[in-house]
Amino acid sequence: MFRRTTRIVVVASAAAAFAASAALAQVPARTGTAAPITLAIGSAAGGGSDQYGRLLARHLPRFLPGSPLIIAKNMNGASGILVLNWAYASAPRDGTAIANPTGSSVMAPLQGAAGAQYDPRKFNWLLSIANLTNMLVVWHGSAFHTVDDVMTKPLVLGNGVGDTAIIPAMLNRLAGTKFKIISGYPGTNAVSLAMERGEVDGTMNLEWGTLQAVRADWLRDKKVRIPLQVTFRPVSDLPGTPSLTDIVTGADARSMMQILLAKQDAGRPYITPPGVAPSIVAAQRAAFEQVARDAEFLADAGKMGLIVEPTSGAELESLVARIYSMPEDILAKLHGEMKAAEAEIAKN
């Protein structure tokens, strides 16, 4: 299996990583004889997906037939739905279009999101360059040390904008946690500052790779504790730390949480539109898998503080097929539970 075969964790300051990213951004993509490829990034400029996408645009040509120029551009909107609508309906089918959607947009049709006009099962899945595994991170001065504390005491949880607050709210309903969710912080930096000030006890907004790269001092200086991994597939870096497998026990409850967390499993994926010739898809999949192991690419990723933890296109295809084959009664129950859970989320 290709999953988790390569991993880089670089502990550097945010300023150093930003400087490296800015410097590398000036390096042009290699050009060759093949037609140029558009790499449409479904997130805003400057974010994690943007950095990965532009780094790949520079290195991928070395592994593609004809060494084509890859033009990275941001096509963000509607939480990533815009780029998938484009890929599904109007992007060229000749191998000159690659899209980098958000994990949440991949699962949007399943959750009844307005405007999601695509079937993710029909895309060609190339690779996810990094997994996203969120953690329950609590400040060292809080009263929460173990998962038992989380199950028995009210925990004030800071949350950013967007739909991420639904995860802890659903855990309250399906697993019996006691989260008091304060949503609406403008970003993870604001949530982190709220933790440091004691406004909240913790957050689920921090992904493990980001925590290691951007908040490495928190881990080094034991400023935070991680009582729970918010995943059914715990990372090997935290042996003995409980995961959702330990607290979500009912079959229906697990199925519902697996649907909600599938966006984490999808990670940072790359796809081509439906209808691209199998030979082109195979060549592009091979190129992505090669670049994810390439020493030059990995060195540049390290300079930017980016973790490379790939998942193969075949595994992503299997994940999407499995999630989208969930029984209708589970989906109906999920929508009902989500509606009830949303009422528990307080706005900051």
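For the structure, see preceding data.
Let me begin by describing the structure that accompanies this report.

Thresholds, definitions, all that
Residues numbered from 1 in each chain as written. Predicted model: local features only at pLDDT ≥ 70, side-chain atom pairs only at ≥ 80, totals over all residues. Heavy atoms only, no water. Axes fitted to C-alpha atoms, helices over the stretch in contact; angles between N-to-C directions. Helix = DSSP H or I, 4+ residues; strand = E, 2+ residues; numbered from the N terminus. Parallel < 35°, antiparallel > 145°, perpendicular 65-115°, else oblique. Contact = heavy atoms within 4.5 Å. Nonpolar A, V, L, I, M, F, W, Y, C, P; charged D, E, K, R; others polar. Buried < 20%, exposed > 50% of the residue type's maximum accessible area, 1.4 Å probe, protein only. Arc of directions from axis to C-beta. Pairing = 2+ DSSP bridges.

### Here's the deal with the packing of helix α6 (residues 166-174) against helix α10 (residues 251-266)
Geometrically, a packed helix pair is captured by the angle between its two axes and the distance between the axes.
And then number 1: Close contact between α6 and α10 brings their axes to 11 Å; oriented N to C, the two are set at 175°. On the basis of the axis angle, α6 is roughly antiparallel to α10. In this structure, α6 uses I167, M170, L171 and L174 to contact α10, whose residues at the interface are A253, M256, M257, L260 and L261.
And then number 2: Of the residues assigned to the contact of α6 with α10, the class counts are nine nonpolar, no polar and no charged.

### Considering helix α7 (residues 188-197)
And then number 1: What α7 keeps buried is the set V191, S192, A194 and M195. Here the buried residues of α7 occupy an arc of 160° about the axis, which is enough to place them on one side. Within α7, the exposed residues directed more than 90 degrees away from the buried face are N189 and R197.
And then number 2: Of the surrounding secondary structure, the elements contacted by the buried residues of α7 are β5 (135-139), β6 (155-160), β7 (179-185), β8 (202-203), α9 (216-220) and β9 (224-229).
And then number 3: After α7 finishes, the residue G198 shows a positive phi value of roughly 85°.

### Topic: the sheet that holds β6
Think of a sheet as strands paired side by side through backbone hydrogen bonds, with each pair either parallel or antiparallel.
And then number 1: One open sheet accounts for six strands, arranged β9-β5-β8-β6-β7-β12; its pairing is mixed. One side of each edge strand has no neighbouring strand; the edge strands of this open sheet are β9 and β12 (346-347).
And then number 2: Direction of pairing for β6 relative to β7: parallel, over a ladder of five bridges. Its bridge partner lying in β7, L155 is registered against F179.

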